[in-house]
Amino acid sequence: MKSFSILQNSEIMNALRNHHRQYLVGTLQNPQDLNHISDTEIEVGITSYQEWAIEPTHFHTRNTEYMYMLEGETKYLNLETGEEHHFTQGDFFVIRKNIRYAQKSLPHTSLIFFKYPGGNDKVITELDEKTRSWLASWQA
């Protein structure tokens with residue numbers, strides 16, 4: 001076993017130029033540009049939005065997501081409670097498994113995420129009109 005596994009900043013940044021999300025650690029089911037560090041216990045990745053972005057509404061059946069904001073601003077809408085959460089650089093937050101949510105982000109927003117346990121358990125959910133309206137603009 002190697003004592004250190006390393007991904008250089010230049011490798012990570014080059015991969016993020018082509019795709020807004022790259023996994024640093026995990027057992028990945030889909031190919032990506034970045035060579036990742038294999039680990040069956042956890043997934044770690046970076047999401048970097050250079051333009052306005054929304055994510056499909058979804059939840060995770062097994063994973064809890066831990067997120068740290070590197071830069072920018074993002075808003076999450078808890079579709080179970082209707083609560084909106086606004087996060088900026090330096091904020092850390094957790095989304096528990098089985099919580100359905102929507103996300104929108106301003107340009108130049110980046111975050112690092114940890115999913116435990118690892119594995120692709122994302123379930124995309126149907127988008128209702130209220131959520132579609134919320135996702136339509138930053139102020140909504």
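Residues numbered from 1 in each chain as written. Predicted model: local features only at pLDDT ≥ 70, side-chain atom pairs only at ≥ 80, totals over all residues. Heavy atoms only, no water.

Asker: It is not clear to me how the packing of aromatic side chains should be interpreted in this structure. Could you clarify?
Answerer: Geometry of an aromatic ring pair is reported as the spacing of the ring centres plus the angle between the planes. Per the counting criterion, the structure on display carries 6 aromatic pairs. For the ring pair Tyr76 and Tyr101, a centre distance of 5.4 Å and an interplane angle of 50° mean the geometry is tilted. Pair noted here: Tyr76 is in strand E6 (residues 73–78) and Tyr101 is in strand E9 (residues 101–105), with a separation of 25 residues, a long-range link. Like Tyr76, the residue Tyr101 is buried in the burial classification. Over the ring of Trp138 we find Lys75, and its NZ or CZ is 4.4 Å from the ring centre. Taking NZ or CZ as reference, Lys104 lies 4.0 Å from the ring centre of Trp134, over its face. (Phe/Tyr/Trp six-rings, centres within 6.5 Å; stacked < 30°, edge-to-face > 60°. Helix = DSSP H or I, 4+ residues; strand = E, 2+ residues; numbered from the N terminus. Buried < 20%, exposed > 50% of the residue type's maximum accessible area, 1.4 Å probe, protein only. Lys NZ or Arg CZ within 6 Å of the ring centre and 35° of its normal.)

Asker: Would you explain the pattern of salt bridges in this entry?
Answerer: When charged atoms on two side chains of opposite charge get close, those side chains can pair. Tallied over the full model, the rule gives 4 salt bridges. As a salt-bridge pair, Glu55 and Arg21 come within 2.9 Å of each other at their nearest N and O atoms. Separated by 34 residues along the polypeptide, Glu55 in strand E4 (residues 53–60) and Arg21 in strand E1 (residues 21–26) bring together distant segments of the chain. The class of Arg21 is partly exposed, set by a relative accessible area of 23%. (Salt bridge = Lys/Arg side-chain N within 4 Å of Asp/Glu carboxyl O.)

Asker: Got a minute to help me understand helix H1 (residues 9–18) in this structure?
Answerer: Since the α-helix advances by 3.6 residues per turn, residues separated by three or four positions end up pointing in the same direction. Among all positions of H1, only Ile12, Ala15 and Leu16 are buried. End-on, the buried residues of H1 take up no more than an arc of 100°, which puts them together on one face. The outward face of H1, more than 90 degrees from its buried face, is lined by the exposed residues Arg17 and Asn18. Considering only its buried residues, H1 is in contact with E1 and strand E3 (43–49). (Arc of directions from axis to C-beta. Contact = heavy atoms within 4.5 Å.)

Asker: Would you mind going over the pairing of E6 with me for this structure?
Answerer: Remember that side chains alternate between the two faces of the sheet whenever the strand is regular. Counting buried residues in E6 gives 5 out of 6 residues, a clear majority hidden from the surface. Two elements, E6 and strand E7 (residues 84–88), share 5 bridges in a ladder whose sense is antiparallel. Bridge pairing in E7 places Thr74 opposite Phe87. Joining the antiparallel neighbours E6 and E7 is a turn of 5 residues, in which Gly82 adopts a positive phi near 85°. (Pairing = 2+ DSSP bridges.)

Asker: Before we go on, may I ask you to explain the sheet that holds E4 in this structure?
Answerer: Backbone hydrogen bonds hold the strands of a sheet together, and the pairing may be parallel or antiparallel. The 5 strands are arranged E7-E6-E9-E4-E11 in an open sheet whose pairing can be described as antiparallel. The open sheet has two edge strands with one neighbour each: E7 and strand E11 (122–124). Averaged over all pairs of adjacent strands, the angle between strand axes in this sheet comes to 30°, irrespective of strand direction. Where E4 and E9 come together, 4 bridges link them in antiparallel fashion. Within the sheet, the bridge partner assigned to Glu55 lies in E9 and is Gln103. (Axes fitted to C-alpha atoms, helices over the stretch in contact; angles between N-to-C directions.)

No statement about biological role is implied by the geometric values presented.
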